[in-house]
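Each chain, written out:
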Amino acid sequence: MLYIHKLSDLNPKSAEIESVPFIRSIRLGAPFPLTEQRVREYFAETLAAENDIVFMERSMQLLEPTLAKLGELLLRNNPLYEPVNICRAIQSLKPLSGFLANNIIYAKEITAFQQEFMAKAASLLNSIPSLRTSEDKSRLNSEIGAYFERVLRSKEFRFSYQDLIHEAQTIMVSDLADCFRKGYVFHVTLEEEIRKAGFADIKARIPSDKLSEVEEIEKSIRLIKEGVDQAYSLNMRMVSWAVLFLSFVKSATAG
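Residues numbered from 1 in each chain as written. Predicted model: local features only at pLDDT ≥ 70, side-chain atom pairs only at ≥ 80, totals over all residues. Heavy atoms only, no water.

**Student:** Help me out: how do you make sense of the environment of Phe 99 in this one?
**Tutor:** Within the element layout of this structure, Phe 99 appears in helix α5 (residues 96–127). Each C-alpha atom, one on Phe 99 and one on His 166, is 8.8 Å from the other, the two residues being 67 residues apart in sequence. (Helix = DSSP H or I, 4+ residues; strand = E, 2+ residues; numbered from the N terminus.)

As structure tokens, then:
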């Protein structure tokens, strides 16, 4: 999409703009009456995937032991480590469990919903051009509105994402993984700061067992990041789904 790049970008105006090329594509590639197969092909890239839940659940399982390992480093009071940075890492990772748990629930709901949607979408959209009475139009509008509400978690055409994984978490965990790669939890001496020593240089004085221990934590954080990224990808796909479904509705309404 050209104008919607994050979850908060979805609104009636941005969706209207984004729908224009979709409507053009639909009219050329999916003329009415639609078949279930054609609808499935169009929506394929906006659907929840099996790996979404797998990656998120793996991240959830890794969070507690990773936090425990960081807590152990902190309790040692070893001058080798930088306690402030360890605390920051713990404080950054702790809230992730709530966001991931909510996203896993959401992903499971969406997985069930999309089966229902795919089975009904073609017949629902095909019925739009033939609607005549205000009662029929009102009934179908309610049905369409219920679909948007289930996916966007809101009665308005906006995605209610605040309790799900969003940009704040993806940026945080990406930055944290990068910091760990650069020796974030190890104390940097004044001499090393003065000569602007890189972590490759600092590594030489750190015992191999301590390096390996932190490298394992770094590996876990990168795996946690994969689940966070997958959750965010799912959420953005739901935004794409909303724009695409709106485009189909508008195309059917226009005849």
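**Student:** Please clarify how the nonpolar core should be interpreted in this entry.
**Tutor:** One broad rule of soluble globular proteins: the nonpolar side chains tend to lie buried together. Leu 10, Phe 43, Phe 180, Trp 241 and Phe 245 are the most contacted members of the largest nonpolar core, which totals 83 residues. Filtering out sequence-adjacent residues up to four positions away, Phe 245 remains in contact with Phe 43, Phe 117, Leu 124, Leu 125, Ile 144, Tyr 147 and Phe 148. (Core = buried A, V, L, I, M, F, W, Y, C linked by side-chain atoms within 4.5 Å. Buried < 20%, exposed > 50% of the residue type's maximum accessible area, 1.4 Å probe, protein only. Contact = heavy atoms within 4.5 Å.)

**Student:** Sorry if this is basic, but what is going on with unusual backbone geometry here?
**Tutor:** Working note: non-glycine residues mostly have negative phi, and peptide bonds are mostly trans. That bond from Phe 32 to Pro 33 is cis: its omega, 5°, falls within 30 degrees of zero. Along the polypeptide, Pro 33 turns up in the loop between α1 (12–29) and α2 (36–43). A positive phi angle, near 55°, is found at Asn 77, a position not held by glycine. Even without a glycine there, the phi angle at Arg 153 is positive, about 60°. For Arg 153, the position within the fold is in the loop between α6 (134–152) and α7 (167–181).

**Student:** Whenever I open this one, the pattern of salt bridges confuses me. Can you help?
**Tutor:** Side chains bearing opposite charge may pair, as long as their charged atoms lie close to each other. One pass over the full model with this rule turns up 20 salt bridges. In this structure, Glu 213 and Arg 76 form a salt bridge, with 2.5 Å as the shortest nitrogen-oxygen distance. Here the residue Glu 213 occupies a position in helix α10 (residues 208–253), and Arg 76 occupies one in the loop between α3 (50–75) and α4 (83–93), the gap between them amounting to 137 residues. Of the residues examined, Glu 213 reaches a relative accessible area of 25% and is grouped as partly exposed. Residue classification places Arg 76 among the partly exposed positions, given a relative accessible area of 34%. A salt bridge links Asp 178 to Lys 182, with the shortest nitrogen-to-oxygen separation between them at 3.2 Å. Using a relative accessible area of 29% as the deciding quantity, one classes Asp 178 as partly exposed. Here the salt bridges do not stand alone but share partners, grouping Asp 178, Arg 181 and Lys 182 into one network. (Salt bridge = Lys/Arg side-chain N within 4 Å of Asp/Glu carboxyl O.)

**Student:** For this particular structure, what's the right way to read the packing of α6 against α10?
**Tutor:** Between two packed helices, both the angle of their axes relative to each other and the distance between the axes serve to describe the pair. Two numbers describe how α6 lies on α10: the axes approach to 10 Å, and their chain directions differ by 170°. The angle between the axes of α6 and α10 places the two elements in the roughly antiparallel class. Seen along the crossing, α6 lies across α10 with a hand that is left-handed. On the side of α6, the interface is formed by Ile 144, Tyr 147, Phe 148, Val 151 and Leu 152, while α10 contributes Met 238, Trp 241, Ala 242, Phe 245, Leu 246 and Val 249. Classifying every residue of the contact of α6 with α10 gives 11 nonpolar, no polar and no charged. (Axes fitted to C-alpha atoms, helices over the stretch in contact; angles between N-to-C directions. Parallel < 35°, antiparallel > 145°, perpendicular 65-115°, else oblique. Left-handed = near helix turned anticlockwise from the far one by under 90°. Nonpolar A, V, L, I, M, F, W, Y, C, P; charged D, E, K, R; others polar.)

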